[in-house]
Each structure stands twice: as C-alpha cells, then as structure tokens.
Amino acid sequence: MQPSITDQLKRDIACEGLLECLHGLKPLDRDCYRVMVESDDPFTIDEVADRIDRERSTAYRSIQRLLGRGLLEKEQINYNQGGYYHVYSPTDPEQIATDMRHQLNDWYAKMGQLVQEFEDKYDSIDEPTPDEAF
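This section reports on the structure supplied with the text. (Residues numbered from 1 in each chain as written. Predicted model: local features only at pLDDT ≥ 70, side-chain atom pairs only at ≥ 80, totals over all residues. Heavy atoms only, no water.)

Our focus in this paragraph is the overall build of the protein chain. A tally of helices and strands in the protein chain yields 7 helices and 2 strands. The order of helices and strands in the protein chain, counted from the N terminus, is α-α-α-α-α-β-β-α-α. A total of about 10,200 Å² of accessible surface is found on the protein chain, and carbon and sulfur atoms cover 49% of it. (Helix = DSSP H or I, 4+ residues; strand = E, 2+ residues; numbered from the N terminus. Areas by Shrake-Rupley, 256 points an atom, 1.4 Å probe, with all protein chains shown as cover.)

For the rest of this paragraph, the subject is the pattern of salt bridges. Using the criterion set out here, one finds 3 salt bridges in the structure. For the salt bridge of Asp31 with Arg34, the shortest nitrogen-to-oxygen distance reads 3.8 Å. A residue pair is termed a helical-turn pair when its members lie 3 or 4 positions apart in one helix, as Asp31 and Arg34 do in helix 3 (residues 27-37) at 3 residues. Here Asp46 and Arg56 are joined by a salt bridge, their closest N and O atoms 2.8 Å apart. One end of the pair, Asp46, is in helix 4 (residues 45-52); the other, Arg56, is in helix 5 (residues 56-68), with 10 residues separating them in the sequence. For Asp46, a relative accessible area of 42% puts it in the partly exposed group. (Salt bridge = Lys/Arg side-chain N within 4 Å of Asp/Glu carboxyl O. Buried < 20%, exposed > 50% of the residue type's maximum accessible area, 1.4 Å probe, protein only.)

A word on the packing of helix 3 against helix 4. Helix 4 packs onto helix 3 with a crossing angle of 110° between their chain directions and a minimal axis gap of 10 Å. Relative to helix 4, the element helix 3 lies roughly perpendicular. As helix 3 runs across helix 4, the sense of the crossing is right-handed. Contacts from Leu28, Asp31, Cys32, Val35 and Met36 of helix 3 reach helix 4 at Val48, Arg51 and Ile52. In terms of residue class, the contact of helix 3 with helix 4 is made up of 6 nonpolar, no polar and 2 charged. (Axes fitted to C-alpha atoms, helices over the stretch in contact; angles between N-to-C directions. Parallel < 35°, antiparallel > 145°, perpendicular 65-115°, else oblique. Left-handed = near helix turned anticlockwise from the far one by under 90°. Contact = heavy atoms within 4.5 Å. Nonpolar A, V, L, I, M, F, W, Y, C, P; charged D, E, K, R; others polar.)

Right, let's talk about helix 5 for a bit. Each α-helix turn comprises 3.6 residues. Residues three or four places apart therefore point the same way. With 13 residues, helix 5 ought to run about 18 Å at 1.5 Å a step, and its terminal C-alpha atoms sit 18 Å apart, in line with that. Of all the residues in helix 5, the buried ones are Thr58, Ala59, Ser62, Ile63 and Leu66. What you see down the axis of helix 5 is that its buried residues fit within an arc of 130°, all on one side. Turning to helix 5, the residues buried within the fold contact helix 3, helix 4, strand 1 (72-78) and strand 2 (84-90). (Expected span 1.5 Å × (residues − 1). Arc of directions from axis to C-beta.)

Before going further, it helps to spend a moment on helix 4. Within helix 4 the residues assigned to the buried category are Ile45, Val48, Ala49 and Ile52. One side of helix 4 holds all its buried residues, which, seen down the axis, span an arc of 100°. Among the exposed residues of helix 4, those oriented more than 90 degrees off its buried face are Asp50 and Arg51. Of the residues trailing helix 4, Asp53 is marked for its positive phi of about 60°.

Okay, here's the thing in structure tokens:
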C-alpha cells in the first residue's frame, strides 16, 4: 500500500530523501551522486562504477538519470592525439536548491488549486439551489 501524502509529509525527510522524492531518484542514483559530491574532481563513468561496485552499464544509466534531472554536469575532455572522453561533476548545489524551490512552489500552487476546487465543489452542495430557496 502506498503511503498517503499526509504520511509522507509527517515523516522526517533527509536531504537525500528530498532529492529522491523531487527528482524520482533510485537509491543507486543517490549513491552515484554522493560519490561525486564527496570528491573535488570530476569522474568518468568507469570511475563511478568502480566506486559504487557496479557494472559500467548500471553506472551509466544512473548517471544519465542524474544528468537528465540537472543534478550533474557533463564535460568533454579532448585527447591531444584525437578522440575524447566525458567526465561528470555535480551541478552547483545552489542551483539545485533553487530548482527544488521552484518545484515545491509549483506543487504548492497546484495543491492550493485542488483544495479550492474541492471546496467549491462540496461547499455548493450545502447551498440551496434557486428553485429550493422558495
């Protein structure tokens, strides 16, 4: 059974829980993100895979989710002799926090609209119609 929104709001939410909730992350995504945040240097996918002890393809999917949600940035590094590879690093935490605030404000506005629609619908049930007033 899914927990209700009320249950979810009452429980304590850790920072990682908030990222998971707002961005639809999986625990593995959180692990990849944590590895990257705890380092000053960007990582290749192979380096992330080694640090989380998973296959490269698994790390790649997780990094793509993080990248798609704006939590990571990708940089291309060019070899002198030709060719390139990519490294990934966390997006500025201030930018992530700003984006989360916007998401929460949008959610709050939508919930307010739904509460108003509920109130309008059920408040009108108690009021007599013009025919019933006479």
